[in-house]
Amino acid sequence: KGAGNTENSAYMAAVKRIKDKSPEYQEFIDNAKTKIIEYYNSKCDFYLKEAQTLAGRSEFEASIATLTSIPEVCKECYDKAMDAVGPIYQKQIDHQCKIDLAEARSAWSASQDGSGAEAASYYLGGIDPNSSCFGDAQAFTAQIAKRINELDQREWNFKLKEQQDDVNATQARIKAARDIGVAY
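The model shown is predicted, which means the values in this text are computed figures rather than measured ones.

**Focus: the overall build of the protein chain**
Point 1. Across its full length, the protein chain carries 7 helices and 0 strands.
Point 2. Put simply, the protein chain has 184 residues, and 22% of those count as buried.
Point 3. Residue pairs at least 24 apart in sequence account for 50% of intrachain contacts in the protein chain once pairs closer than 6 positions are excluded.
Point 4. A total accessible area of about 13,500 Å² is found for the protein chain, and carbon and sulfur atoms account for 55% of it.

**Section: the pattern of salt bridges**
Point 1. A full pass over the atoms with the stated rule returns 3 salt bridges.
Point 2. Across the pair D79 and K75 runs a salt bridge, and its minimum N-O distance is 3.4 Å. Residue D79 and its partner K75 are both found in helix α5 (residues 75-110); the two are separated by 4 residues, about one turn of the helix.
Point 3. Given a relative accessible area of 33%, D79 falls into the partly exposed group.
Point 4. In this structure, R147 engages E150 in a salt bridge whose closest nitrogen and oxygen atoms are separated by 3.8 Å. A residue pair is termed a helical-turn pair when its members lie 3 or 4 positions apart in one helix, as R147 and E150 do in helix α7 (residues 134-183) at 3 residues.

**Describing the environment of Q92**
Point 1. Among the structural elements, Q92 can be located in helix α5.
Point 2. Q92 gets classed as buried once you look at its relative accessible area, which sits at 18%.
Point 3. Those residues in contact with Q92 that sit more than four places away from it in its chain are F60, E61 and I64.

**A short note on the nonpolar core**
Point 1. Ranked by internal contacts, the top residues of the largest apolar core, which has 16 residues, are L67, I70 and I88.
Point 2. When contributions to this core are tallied by element, the ones reaching two or more residues are α3 (44-56), α4 (60-68) and α5.
Point 3. Those residues within four positions of I70 in sequence are excluded, and the remaining contacts are Y40, Y47, C77, Y78 and A81.

**Let's talk about the confidence of the model for the protein chain**
Point 1. Mean pLDDT over the protein chain: 85, with 89% of residues reaching 70 or higher.
Point 2. Summarising per-element confidence for the protein chain, the mean pLDDT is lowest in α7 (74) and highest in α3 (95).

**Structural notes on the packing of aromatic side chains**
Point 1. Overall, the coordinates contain 4 aromatic pairs when judged by the stated rule.
Point 2. Ring centres of Y39 and Y40 lie 5.5 Å apart, and the angle between their planes is 80 degrees; on these two criteria the pair is classed as edge-to-face.
Point 3. According to the relative accessible area criterion, Y39 is partly exposed, its value standing at 40%.
Point 4. Between the aromatic rings of Y39 and Y47, the centroid separation amounts to 6.5 Å while the plane-to-plane angle is 85 degrees, which identifies the pairing as edge-to-face.
Point 5. An aromatic cluster is built from Y39, Y40 and Y47, whose rings are joined through pairwise contacts.
Point 6. Note that R105 overlies the ring of F140, its terminal NZ or CZ placed 5.0 Å from the centroid.

**Points about the environment of Y39**
Point 1. Mapped onto the fold, Y39 is located in helix α2 (residues 23-42).
Point 2. Placed 35 residues apart in sequence, Y39 and C74 show a C-alpha to C-alpha distance of 9.4 Å.

Calculation notes
- Numbering of residues begins from 1 in every chain and follows the order in which that chain's sequence is written.
- Given that the model is predicted, a residue must reach a pLDDT of at least 70 before its local features are reported, and side-chain atom pairs must reach 80 or more before they are shown or counted; all residues, however, enter totals for whole chains, interfaces and linings.
- Only hydrogens and water are set aside; all other atoms, that is, all heavy atoms of the structure, feed into the side-chain values.
- Put simply, DSSP marks the helices as runs of H or I at least four residues long and the strands as runs of E at least two long, and each gets a number from the N terminus on.
- Each residue gets one of three labels from its accessible area relative to the maximum for its type: buried under 20%, exposed over 50%, partly exposed in between, using a 1.4 Å probe on protein chains only.
- Between two residues, a contact is recorded if the distance between any of their heavy atoms is within 4.5 Å.
- Where accessible areas are quoted, they stem from the Shrake-Rupley method and a 1.4 Å probe; at the residue level, only the protein chains shown are allowed to cover.
- In the sections that follow, a salt bridge refers to a side-chain nitrogen of Lys or Arg positioned within 4 Å of a carboxyl oxygen of Asp or Glu.
- We call a set of buried residues a nonpolar core when its members are Ala, Val, Leu, Ile, Met, Phe, Trp, Tyr or Cys and they connect through side-chain atoms within 4.5 Å of each other.
- One number per residue, pLDDT, summarises how confident the predictor is, and it ranges from 0 to 100.
- The criterion for an aromatic pair is that two Phe, Tyr or Trp rings (for Trp, the six-membered ring) have centres within 6.5 Å, with stacked assigned to planes under 30 degrees apart, edge-to-face to planes over 60 apart and tilted to the rest.
- Any Lys NZ or Arg CZ found within 6 Å of a ring centre and within 35 degrees of that ring's normal is scored as a charge over the ring.

As structure tokens, this is what we get:
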């Protein structure tokens, strides 16, 4: 029982009057624990099936959350749930890898230069090394690096050619001026 000016304060007053050392309270808590354990043990298959259904719909985080919500004290069910978490997590990182790799390819296709490489690397950097398509991501990264190196080398060769053309033009002017001087 509790009294107060508002409903909330009445609840708070009632909770404050509960004696946590009393045998009735301890019995209540013990009964509650037992019922929670019985509930999870009786509903274990439903939790496992729900998690598999969620994983089938690519709702991996919700699936893992469902499995990890089972308390440790429900040993048998908890063990089954923890055994199911690993494969679902693997599906999650494989799925995310495919998405990130597709986004990286799209970014690179849109602009095959330094900015495209930077955009692609944003997506490639988020790929988990334990995912099944990590090898494809590494191969794609190498492909991007090769193209960027080609572009850099081409730009360097172009700058060298411009510089050589400037030197050749200067030499041609000097030679032309010398030829005019000799002819005069």
